[in-house]
Amino acid sequence: MAASASPDGAVTQRLVIENCALATVDAQDTEYATGHVVVAGNVIESVGAGKAPEGLPGVVRRVDGTGHLVTPGLVNTHHHFYQWLTRGLATDHNLFNWLVALYPTWARIDAPMLAAATQGSLGMMVKGGVTTAADHHYVFPRGSGDLVGAELAAAAEIGARITLARGSMDRSEKDGGLPPDFAVETTEGALLATEEAIDKHHDASFGSMVHIAAAPCSPFSVSTELMREGAALARRKGVRMHTHGSETVEEEKFCHELFGMGPTDYFESTGWLGDDVWMAHCVHMNDSDIAAFARTGTGVAHCPSSNARLAAGIARVPDMLAAGVPVGLGVDGTASNESGELHTELRNALLINRLGAHREAALNARKALRLGTYGGAQVLGRTAEIGSLEAGKLADLVLWKLDGLGHSSIADPVTALVFGPPAPVTLSLVGGRPVVEDNRLSNVDEDTLARTARAEAQRLARIAAGD
């Protein structure tokens, strides 16, 4: 890419990172033992071996990456930000019992609570190398305020890209679902609110900071009408679609009892398979299910820590990848993954999948890194912008410090990153702008964030207890 100038003739500002190892995660998995990245404005201008080109105009910052690895920013494909306020509860439950235990508390959230939870959840992920995150928010209590607006404003302060999957529930306990009656919306109300969120906030332009997706919660909390009409709405508006699928054996049984078919067949019957769709979990998938996802291009958000926390099982990720199913990684909500950061999922995806049928051949370090970067971009429909280090893509990247004690005797930097302890983030950029420097969030005060989140969690607990 040639040097560029603004309309007034000013030279584009550049940032140069040199003397670092690079894992580009491009189509060829190109790596450099010692290389450079040049960022021009909000995009990557060049990536290559050795030093950056001489004489670049407009260089405002040079970073010595000695002892570091540069990768694309991590992409989180499934989360529930609001759950930051209910970590450490119902720790010995399976999914259905866990939901029943926590729904009454979750149904009391309001806008200030969600703003604090968003900054806690997103801040933790960004500190751990995430530059783009998808949040599935589906709890909209009456009188809770503008939850979508509160979440997006809080996320903007952190500085990460967001796909807000505007969720919904209209099947409560009285209809055979799990949420309490006061925790759900009407079908019409959910559809209207989803359309309003799309119209107000979705930005499809290159480099967008906010995408909105249509995201009814799950087969056991949503009516068939809302599933079908939600799919029609999303396709009319040109946005992606997200829901939970095939997470537990109890869900499989529920779908057969209620709909007379398994989850994948039910999703297909309601318009919920396609290359504009991604599902969270997909733990209990047979060969036919995997083939249907591959045939339609339906994506998967693999959440290994949450699946283990809730004893859901081991997703067949190696089989999905072999079939051509797009797969990314997800933290899931921090009420089922208290660590709250995606680097853990790189390691746990590799380790947990080696407990499955493919054993040591299931995943390796580079496949795990691809799941957490390019795979996530693929699932969110943003591979033209993010997910790999290539000229012309957005400058969403992470400089991982690997020369400390924790990684000191691991020669291969990608192996060190994935197999080793969490690596400190020396610098993380979103569109060329720092969101982390020297392992601290750049745009918000972490101590203030922690105090606010703690206070809002305590307020939520008091309200849920009736105090």
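Residues numbered from 1 in each chain as written. Predicted model: local features only at pLDDT ≥ 70, side-chain atom pairs only at ≥ 80, totals over all residues. Heavy atoms only, no water.

Chemist: Mind showing me how you'd approach the pairing of strand 9 (residues 210–216) here?
Modeler: Each regular strand shows side chains that alternate between the opposite faces of the sheet. Burial analysis of strand 9 places seven of its seven residues in the buried class, the great majority of the element. A two-sided burial pattern is seen for strand 9, the buried positions comprising Val-210, Ile-212, Ala-214 and Pro-216 on one face and His-211, Ala-213 and Ala-215 on the other. Examined bridge by bridge, strand 8 (residues 161–168) and strand 9 share seven bridges and lie parallel to one another. Opposite Leu-164, over in strand 9, you have Ile-212 as the bridge partner. Chirality of the crossover, the property in question, places the unit of strand 8, helix 4 (residues 187–201) and strand 9 among those that are right-handed. (Buried < 20%, exposed > 50% of the residue type's maximum accessible area, 1.4 Å probe, protein only. Helix = DSSP H or I, 4+ residues; strand = E, 2+ residues; numbered from the N terminus. Pairing = 2+ DSSP bridges. Right-handed = clockwise from strand over helix to strand, strands pointing away.)

Chemist: Is there a simple way to explain the packing of aromatic side chains in this structure?
Modeler: Any two aromatic rings considered together are summarised by their centre-to-centre distance and by the angle between their planes. The final tally for this structure, using the stated rule, is nine aromatic pairs. On the basis of an interplanar angle of 80 degrees and a centroid distance of 6.2 Å, the ring pair of Phe-220 and Phe-254 is categorised as edge-to-face. Taken together, the residues span a long stretch of sequence, with Phe-220 in the loop between strand 9 and helix 5 (224–237) and Phe-254 in helix 6 (residues 249–259) at a distance of 34 residues. Exposure remark for Phe-220: the relative accessible area of 4% places this residue in the buried category. (Phe/Tyr/Trp six-rings, centres within 6.5 Å; stacked < 30°, edge-to-face > 60°.)

Chemist: Help me understand the pattern of salt bridges in this model?
Modeler: Should the charged atoms of two oppositely charged side chains come close, the side chains can pair. For the structure on display, the rule yields 24 salt bridges. Put simply, Asp-110 and Arg-459 hold a salt bridge, and the shortest N to O gap is 2.9 Å. Of this pair, Asp-110 sits in the loop between helix 1 (95–106) and helix 2 (111–127) while Arg-459 sits in helix 14 (residues 446–464), placing them 349 residues apart in sequence. A residue is classified by how much of its surface remains accessible, and Asp-110, at 17% relative accessible area, is buried. The class for Arg-459 is partly exposed, based on a relative accessible area of 23%. The salt bridge partner of Arg-309 is Glu-338, with a shortest N-O separation of 2.6 Å. A residue pair is termed long-range when its members are at least 10 positions apart, and Arg-309 in helix 9 (residues 304–309) and Glu-338 in the loop between strand 13 (327–329) and helix 11 (343–353) qualify at 29 residues. A relative accessible area of 18% places Arg-309 in the buried class. Classification of Glu-338 as partly exposed rests on a relative accessible area of 26%. In the salt-bridge network here, residues are joined through shared partners; they are Glu-195, Asp-199, Arg-236 and Lys-237. (Salt bridge = Lys/Arg side-chain N within 4 Å of Asp/Glu carboxyl O.)

Chemist: I'm lost on helix 11 in this one. Help?
Modeler: Residue pairs three or four apart in sequence face the same way in an α-helix, which turns once every 3.6 residues. Burial analysis of helix 11 places eight of its eleven residues in the buried class, the great majority of the element. Along helix 11, the residues that are buried comprise His-343, Thr-344, Glu-345, Leu-346, Ala-349, Leu-350, Ile-352 and Asn-353.

Chemist: What is the right way to read the pairing of strand 11 (residues 277–281) from this model?
Modeler: Buried residues dominate strand 11, accounting for five of its five residues. Bridging between strand 10 (residues 241–245) and strand 11 involves five bridges; their strand directions are parallel. Its bridge partner being in strand 11, Gly-245 is matched across the sheet by His-281. Where strand 11 lies against strand 12 (residues 299–302), three bridges are found, and the strand directions are parallel. Across the sheet, residue Met-279 finds its bridge partner in strand 12, namely Val-300. Note on the crossover from strand 11 through helix 8 (residues 287–296) to strand 12: the handedness is right-handed.

Chemist: Looking at this model, I keep getting lost on the side chain of Thr-105. Mind explaining?
Modeler: By the secondary structure assignment, Thr-105 is in helix 1. Thr-105 sits in the buried class, given a relative accessible area of 17%. Ignoring any residue separated from it by four or fewer positions in sequence, one finds Thr-105 in contact with Thr-86, Leu-460 and Ala-464. (Contact = heavy atoms within 4.5 Å.)

Chemist: What exactly am I supposed to notice about the environment of Gly-274 here?
Modeler: Looking at the secondary structure, you find Gly-274 in the loop between helix 7 (263–269) and strand 11. Taking the relative accessible area as the measure of exposure, Gly-274 reaches 10% and is therefore buried. Sequence spacing of Gly-274 and Met-241 is 33 residues, and the spatial spacing of their C-alpha atoms is 9.1 Å. Not counting residues within four places of it along the chain, the set of residues in contact with Gly-274 comprises Arg-235, Thr-296, Gly-297 and Thr-298.

Chemist: Which parts of the structure should I look at to understand the nonpolar core?
Modeler: Across soluble globular proteins, nonpolar side chains have a tendency to be buried as a group. Ranked by internal contacts, the top residues of the largest apolar core, which has 110 residues, are Trp-98, Trp-106, Leu-122 and Met-320. Apart from residues no more than four positions distant in its own chain, Trp-106 is found in contact with Tyr-82, Gln-83, Thr-86, Trp-98, Leu-99, Tyr-138, Val-139, Pro-141 and Ala-335. Core analysis: the next-biggest nonpolar cluster, separate from the first, contains 15 residues, Leu-15, Leu-22, Val-70 and Ala-395 among them. (Core = buried A, V, L, I, M, F, W, Y, C linked by side-chain atoms within 4.5 Å.)

Chemist: Would you explain the confidence of the model for the chain in this entry?
Modeler: Reading fine detail from the predicted coordinates is not recommended where pLDDT is low. Within the chain, residue pLDDT values average 95, and 98% of them lie at 70 or more. Within the chain, helix 6 has the poorest average pLDDT of any element, 90, and strand 5 (residues 68–72) the best, 99. Within the model, the stretch residues 1–5 combines pLDDT values under 50 with 16 contacts to residues more than four positions away or in other chains. (pLDDT = per-residue confidence, 0-100.)

Chemist: Before we go on, may I ask you to explain helix 12 (residues 365–379) in this structure?
Modeler: Under the 1.5 Å per step criterion, the end-to-end length of helix 12 is 20 Å for 15 residues, consistent within 8% with the ideal 21 Å. By the largest-angle criterion, Leu-371 marks the main kink of helix 12, which is about 40 degrees. If you check which residues of helix 12 are buried, you get Ala-365, Ala-368, Leu-369, Leu-371, Gly-372, Thr-373, Gly-375, Gly-376, Ala-377 and Val-379. The residue sitting at the N-terminus of helix 12 and contributing the capping side-chain oxygen is Asn-364; that oxygen lies 3.1 Å from the backbone nitrogen of Arg-366. At the exit of helix 12 stands Gly-381, carrying a positive phi of roughly 75 degrees. (Expected span 1.5 Å × (residues − 1). Bend = angle between axes of the 7 residues up to and from the residue. Polar contact = N/O pair within 3.5 Å; in protein donor to acceptor, adjacent residues only side chain to side chain.)

Chemist: How should I be thinking about the packing of helix 2 against helix 14 in this particular structure?
Modeler: For any two helices packed against each other, one specifies the inter-axial angle together with the distance between the axes. Their axes nearest at 9 Å, the elements helix 2 and helix 14 cross at an angle of 135 degrees. One element, helix 2, and the other, helix 14, form an angle in the oblique class. Where helix 2 crosses over helix 14, the handedness of that crossing is left-handed. In this structure, helix 2 uses Pro-112, Met-113, Ala-116, Gln-119, Gly-120 and Lys-127 to contact helix 14, whose residues at the interface are Glu-446, Leu-449, Thr-452, Ala-453, Glu-456, Arg-459, Leu-460 and Ile-463. A breakdown of the residues in the contact of helix 2 with helix 14 according to their chemical character gives seven nonpolar, three polar and four charged. (Axes fitted to C-alpha atoms, helices over the stretch in contact; angles between N-to-C directions. Parallel < 35°, antiparallel > 145°, perpendicular 65-115°, else oblique. Left-handed = near helix turned anticlockwise from the far one by under 90°. Nonpolar A, V, L, I, M, F, W, Y, C, P; charged D, E, K, R; others polar.)

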